[in-house]
Amino acid sequence: FLGNGPSGICLSYLLSGYTPYFKRDSLHPHPILQRKLEEAPDVSILDQDLEYLSEGLEGRSHSPVALLFDTLQRPDTDFGGTAESVLTWWHKSNRAIPHLVLGRNAPGGAWHSIEGSMVTLSRGEWMGLPDLPFKDWLMQKRRGLRNNRATAEDIAQYYQYYVMKKGLQKNFRCGTVVISVRKVSAESISNHAHKNLQENSDSPWNLHENSTEVFQVDGFFKNLKGEKEPFSIYAENVVLATGTYDSPTWLGIKGENLSYVHHKLSALEEAVKKNSISIMSDPVLIVGAGLTAADAILFAHHCNIPVIHVFRRRVSDPGLIFNQLPKMMYPEYHKVHQMMKEQSAACVGPYECYISLPEHHVLSFGKDKKCILQDKNGYQKVYKISMALVLTGSNPNLSFLPNNGLDLAMDSDQPVNPKRNPIDVDPFTYECTQEKGLYALGPLAGDNFVRFVQGGALAVASSLLKKANKNPP
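The numbering scheme is per chain: residues are counted from 1 as the chain's sequence reads. Two thresholds apply to this predicted model, a pLDDT of at least 70 for residue-level local features and 80 or more for giving and counting side-chain atom pairs, whereas whole-chain, interface and lining totals are computed over all residues. Side-chain measures here rest on the full set of heavy atoms in the structure, leaving out hydrogens and waters.

- In the nomenclature of an unreviewed UniProt entry, the protein is known as Oxidative stress-induced growth inhibitor 1 of Geococcyx californianus.
- UniProt positions are given in the numbering used here, feature names are shortened, and annotations may be inferred rather than shown by experiment. Checking UniProt for the protein, the heading Cofactor (unreviewed entry) contains the comment "NADPH".
- Annotation of the protein in UniProt includes, under Sequence similarities (unreviewed entry), the sentence "Belongs to the OKL38 family."

The following block contains the structure:
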């Protein structure tokens, strides 16, 4: 499957024969779920009816299976509790399903691309994967969680350690780029030998004789010399777990392709490192009102770099992420929210080097580093800036799929978007409703937090085990 972030790692664990059972004598705080779990303690969770088990569960995800797997691993975490998982894990090698996990980076996916010192939004224990609590790993490093949260560097290292500790490395192929996934007839390929990423002839991708159509996955990987080597793999099932970190959203306005306009936070960090901007520079324009924009503001504030902050919403808009975060747990984001409220251009507040422009949008960027902004009443203002950061979210790059994956989305007229238009999947198998044999996990399927992507992996593993007929009677 494609993508080696937390979704891909968790699915690889489940497909490697690691099987979850209800731990005897454990007590789940949800009485109805407890009763259901006691009905079949000798049957693995993977082999039970996930729809039945998850019925009636409520929480911070729209996915029933995500809520189920989360509450089995962290029974009372939303209430601040630390109850142990009610699952016990058994390794059954006869139930393993051969698979390959393709990814550009080391295991951990986009976590390797995030500034290492950034602190996670989620609590540290919510970043953990099955049967190896994140906190336990952190304690081995003689470290604790800062304000219950972890750094991106910690998370990236933990995911790499997890793959090694659980013996999953043989399934991972890092440094690979997939350029095409398409359906082909099994007959058309049966007469052609094909290169595989695995050197041995005991390929896990041998086709069942009765398969009429399979997926052809084409791409390349970089060898030790840095040369690109092409590959083609044939598979009956493909899992899309590529996340959404690939393509930052553009505003689509004049001048956005100028060299001083950027779409990644790392551009600001690079500029500070090179001393190309400083306290004496013209302000940095930051566009957006999400957490990445907030991280950019905090970074600039820390470096005493002047900021003009532009966003379309009202500061009091309930849809604004800052209005949904507990103040105690997220003091730094609360500070940004305070700045947004108190430091508008109309009234000078206590924060130097920062101006908040709510309900504004950018009309254009000029070659002279002047940008034109417009407020809700249509009034325009011109600001001279040193650089612009457009941080308004990102979209998945599905260019390797026919029609960029549009046909798979809930609304096939719009691009796939994790919040507004995810891939349409069956909620209990995560198989794409428009393409059998193709599955989608994580943000592509609308699950945007690590703690909830794991339920999707459970659903996919359960479905693939049924297909492979590896479920006990």
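Having seen it, we continue.
### Re the overall build of the protein
Link 1 in the chain: Summing up its helical and strand segments, the protein has 11 helices and 21 strands in all.
Link 2 in the chain: For each residue, the accessible area found with a 1.4 Å probe, counting protein chains only, is set against the maximum for its type, and the residue is called buried under 20%, exposed over 50%, and partly exposed in between. Taken across its 473 residues, the protein has 52% of its residues classed as buried.
Link 3 in the chain: Expressed as a percentage of contacts within the protein between residues at least 6 apart in sequence, the contacts between residues at least 24 apart total 68%.
Link 4 in the chain: Computed with the Shrake-Rupley method and a 1.4 Å probe, the accessible areas treat only the protein chains shown as cover for residues. Summed over its atoms, the accessible surface of the protein is roughly 23100 Å², and 50% of this surface lies on carbon and sulfur atoms. Strands here are runs of E lasting at least two residues and helices are runs of H or I lasting at least four, both read from the DSSP assignment and numbered beginning at the N terminus. Whether two residues are in contact is decided by their heavy atoms: any pair within 4.5 Å suffices.

### With respect to the sheet that holds strand 7 (residues 176-185)
Pairing between the strands of a sheet comes from backbone hydrogen bonds, and it takes one of two forms, parallel or antiparallel.
Link 1 in the chain: Spatially, three strands are ordered 7-8-9 in an open sheet, and the strand pairing comes out antiparallel. Whereas interior strands pair on both sides, the edge strands pair on one side only; in this sheet they are strand 7 and strand 9 (228-235). Each adjacent strand pair in this sheet contributes to an overall mean axis angle of 20 degrees, direction not counted.
Link 2 in the chain: Two elements, strand 8 (residues 213-222) and strand 9, share eight bridges in a ladder whose sense is antiparallel. Paired with Gln 216 across the bridge in strand 9 is Tyr 234. When DSSP finds at least two bridges between two strands, those strands are taken to pair. Axes here refer to lines fitted to C-alpha atoms; in helices the fit is confined to the stretch in contact. Angles between the N-to-C directions go from 0 to 180 degrees.

### Remarks on the pairing of strand 17 (residues 370-375)
Link 1 in the chain: Of the strand pairs in this sheet, strand 16 (residues 360-365) and strand 17 are connected by five bridges, and their pairing is antiparallel. Looking at strand 17, one finds that Phe 365 is bridged to Cys 371.
Link 2 in the chain: Following strand 16, the chain reverses through four residues before pairing antiparallel with strand 17; Lys 369 in that reversal takes a positive phi of roughly 65 degrees.
Link 3 in the chain: As defined by bridge partners, strand 17 adjoins strand 18 (residues 380-384) across five bridges and the pair is classed as antiparallel. From the neighbouring strand, Leu 373 faces strand 18, where its bridge partner is Lys 381.
Link 4 in the chain: Connecting the antiparallel pair strand 17 and strand 18 is a turn made up of four residues, with Gly 378 showing a positive phi of about 90 degrees.

### With respect to the packing of helix 9 (residues 291-302) against helix 10 (residues 331-342)
Link 1 in the chain: It is the contact of helix 9 with helix 10, at a shortest axis distance of 10 Å, that shows an interaxial angle of 85 degrees. Taken together, the axis directions place helix 9 and helix 10 in an arrangement best described as roughly perpendicular. Within the contact between the two elements, helix 9 uses Leu 291, Ala 294, Asp 295, Ile 297, Leu 298 and His 301 and helix 10 uses Glu 332, Tyr 333, Lys 335, Val 336 and Met 339.
Link 2 in the chain: Polar here means any residue other than Ala, Val, Leu, Ile, Met, Phe, Trp, Tyr, Cys and Pro, which are nonpolar, and Asp, Glu, Lys and Arg, which are charged; Gly is therefore polar. Here the residues of the contact of helix 9 with helix 10 sort into seven nonpolar, one polar and three charged. Roughly parallel covers angles under 35 degrees, roughly antiparallel covers those over 145, roughly perpendicular covers 65 to 115, and oblique covers all other angles.

### Describing helix 10
Link 1 in the chain: Between its terminal C-alpha atoms helix 10 stretches 16 Å, which fits the 16 Å expected from 12 residues at 1.5 Å a residue.
Link 2 in the chain: What helix 10 keeps buried is the set Glu 332, Tyr 333, Val 336, His 337, Gln 338, Met 339 and Met 340. Here, expected helix span is obtained from the residue count minus one, scaled by 1.5 Å.

### Focus: helix 6 (residues 152-165)
For an α-helix the count is 3.6 residues per turn, leaving residues at separations of three or four pointing the same way.
Link 1 in the chain: Between its first and last C-alpha, helix 6 extends 20 Å over 14 residues, near the 20 Å set by a 1.5 Å rise per residue.
Link 2 in the chain: Every buried residue belonging to helix 6 is among Ala 152, Asp 154, Ile 155, Ala 156, Tyr 158, Tyr 159, Tyr 162 and Val 163, and all of these are buried.
Link 3 in the chain: Of the residues trailing helix 6, Gly 167 is marked for its positive phi of about 70 degrees.

### Notes on the sheet that holds strand 15 (residues 354-357)
Link 1 in the chain: The strand order 12-19-13-14-15 describes an open sheet built from five strands, whose pairing is parallel. Here the strands that pair on one side only, and so sit at the sheet edges, are strand 12 (261-262) and strand 15.
Link 2 in the chain: For strand 13 (residues 284-287) and strand 19 (residues 387-390), the ladder comprises four bridges, and the chain directions are parallel. By the bridge assignment, Ile 286 is partnered in strand 19 with Leu 389.

### Section: the environment of Arg 314
Link 1 in the chain: Within the secondary structure, Arg 314 sits in the loop between strand 14 (307-310) and helix 10.
Link 2 in the chain: With 43 residues separating them along the chain, Arg 314 and Leu 357 place their C-alpha atoms 9.5 Å apart.
Link 3 in the chain: Excluding anything up to four places from it in sequence, Arg 314 contacts Leu 320 and Glu 359.
Link 4 in the chain: A polar side-chain atom of Arg 314 sits 2.9 Å from a polar atom in the side chain of Ser 316. Side-chain atoms alone can form a polar contact between residues adjacent in sequence; in general such a contact is a pair of N or O atoms within 3.5 Å, and within protein one must be able to donate a hydrogen while the other accepts it.

### Details of the pattern of salt bridges
Link 1 in the chain: The working definition used for a salt bridge is a side-chain nitrogen of Lys or Arg within 4 Å of a carboxyl oxygen of Asp or Glu. The final tally for this structure, using the stated rule, is 13 salt bridges.
Link 2 in the chain: A salt bridge links Lys 467 to Glu 431; its shortest N-O distance comes to 3.0 Å. Of the two residues, Lys 467 is situated in helix 11 (residues 450-467) and Glu 431 in the loop between strand 20 (394-395) and strand 21 (438-440); the sequence distance between them amounts to 36 residues.
Link 3 in the chain: Linked by salt bridges that have partners in common, Asp 70, Arg 74 and Arg 451 make up one network.

### Description of the packing of aromatic side chains
Within a pair of aromatic rings, the relevant descriptors are the distance that separates the centres and the angle that separates the planes.
Link 1 in the chain: In this scheme Phe, Tyr and Trp rings, the latter by its six-membered ring, pair at centre separations within 6.5 Å, and the angle between planes marks the pair as stacked below 30 degrees, edge-to-face above 60, and tilted otherwise. Enumeration over the complete set of coordinates arrives at 11 aromatic pairs.
Link 2 in the chain: Considering the side-chain rings of Tyr 260 and Phe 365, the 6.2 Å spacing of their centres and the 85 degrees angle between planes classify their relative orientation as edge-to-face. Taken as a pair, Tyr 260 in the loop between strand 11 (247-248) and strand 12 and Phe 365 in strand 16 lie far apart in primary sequence, 105 residues in all. Here the two residues Tyr 260 and Phe 365 agree in accessibility, since each one is buried.
Link 3 in the chain: Within the aromatic cluster, the residues linked to one another by ring pairs are Tyr 13, Tyr 18, Phe 69, Trp 89, Phe 134, Trp 137, Tyr 158, Tyr 159 and Tyr 162.
Link 4 in the chain: Whether a charge sits over a ring comes down to the Lys NZ or Arg CZ being within 6 Å of the ring centre and within 35 degrees of the ring normal. Positioned above the aromatic ring of Tyr 52 is the side chain of Lys 36, whose terminal nitrogen or guanidinium carbon lies 4.7 Å from the ring centre.

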